[in-house]
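Structure at a glance
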Amino acid sequence: MHRSEDGPACSSVETDEHRAAGRGQPNPECCAPCSGLTRDRLTLVALVFLALVTFVALIGPLLVRTDPNALNLRFALQPPGSEFWLGTDDLGRDQLSRLVSATRVTMVAATEAVLISLVIGLPFGLVAGFLRGRVDAVLSRLNDALMSVPALLLAIAVVAVVGPGLTTSMFALGIVFSPSIFRIVRDATVAVRSETYVEAAIATGCSPVRIMFVHVLRNTFPPVLVQVSLLFGIAMIAEANLSFLGLGVTPQQTSWGSLLRGAFDNFYAAPYLMFAPGLAITLTVLAFSQLGDGLRTVIGDSKETR
């Protein structure tokens, strides 16, 4: 029975897919990362730390008493103390308030870059891996060409043309990050395309779009989760580099990179200014890296037990 449109026969494949034990169904593999992360204490610590950073980014600005942009030259370059826990900068602005405010900006910037890479890389990877042939060849060659472009170089070029701004630079980074998502999704799609439940969906007349986004897409989630966690750390480093060069956030905004730039300008007068943003960037990037390693280990273990 072959149908040109999706129908009951096509829908029944989803139930058959879950009944096929050990036939490549995605549910156990998708659930494995969530259940296995708690076994690795270091990964669990990284996850808790990232949850804390996310909490600070969401509601932290509501908890601080001082306006991060409030100027008070009488208290310029004050060292850490009971009144200013992290000290003040050369304009008398409270560093703790600025660090908390910068956490939200940095997390939003990294999220923008990663989401853009997913929007671009994921659907094209699905199409290339599922259709194969000339479509796969053309998209893969374009992907290889894009991978040869250094991320920071493209971001600097885009900012030079469009103008400085966090959204602009993160959009450029998202484009450069998308090839890694494309390759992972394409490889996972190629592996899943030969599974029995996918062949059954094709035989019953399911449309290619339905097969890709209902039957195949879920199998790409585990490796994509690993890559996303790693891209978050890379995006934070890239944002810090751009903001340090003055190509990221605007003067009205504050990010961890711009805080490092201010600390660099006042290094000899107030060396303590570099410790808080530098430590925040280092620990957060390490936490994302550890989370990616933990996810990779869990996913690898789950595949070996199948």
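Here's what I pulled together on the structure shown here. Counting from 1, residues in each chain are numbered in the order their sequence is written. Where local features are concerned, this predicted model is filtered to residues with pLDDT of at least 70; where side-chain atom pairs are given and counted, the filter is 80 or more; whole-chain, interface and lining totals use all residues. Only hydrogens and water are set aside; all other atoms, that is, all heavy atoms of the structure, feed into the side-chain values.

Okay, the environment of Leu153 next. Only DSSP runs of H or I reaching four residues or more are called helices, and only runs of E reaching two or more are called strands; each is numbered from the N terminus. Secondary-structure assignment places Leu153 in helix α6 (residues 151–162). Between the C-alpha atom of Leu153 and that of Leu173, which follows or precedes it by 20 residues, the distance is 9.6 Å.

What follows deals with the nonpolar core. Ranked by size, the top nonpolar core spans 55 residues in total, and within it Leu173 and Trp256 carry the most contacts. Those elements that place two or more of their residues in this core are α3 (41–63), α4 (95–131), α6, α7 (166–193), α8 (196–203), α9 (208–244), α10 (256–265) and α11 (275–304). Broken down by element, this core gets its largest block of residues, 14 residues, from α9. We define a nonpolar core as any set of buried Ala, Val, Leu, Ile, Met, Phe, Trp, Tyr and Cys residues linked to one another through side-chain atoms lying within 4.5 Å. Each residue is placed in one exposure class: buried if its accessible area under a 1.4 Å probe, protein chains only, is under 20% of its type's maximum, exposed if it is over 50%, and partly exposed if it falls in between.

So, about the environment of Pro251. Within the fold, Pro251 resides in the loop between α9 and α10. C-alpha of Pro251 to C-alpha of Gly165: the two residues are 86 residues apart in sequence and 9.8 Å apart in space.

The next point concerns unusual backbone geometry. Phi is positive for Leu77, which is not a glycine, with a value near 55°. Note on Leu77: relative accessible area 28%, which makes it partly exposed. Although it is not a glycine, Arg132 adopts a positive phi angle of roughly 55°. In this structure, Arg132 sits in the loop between α4 and α5 (133–147). Assessed through its relative accessible area of 36%, Arg132 is described here as partly exposed.

Quick look at α8 now. Among all positions of α8, only Tyr197, Val198 and Ala201 are buried. Buried residues in α8, looked at end-on, bunch into an arc of 105°, giving them a common side. Just downstream of α8 lies Gly205, where phi reads positive at about 95°. Note: the arc covers the axis-to-C-beta directions of the helix.

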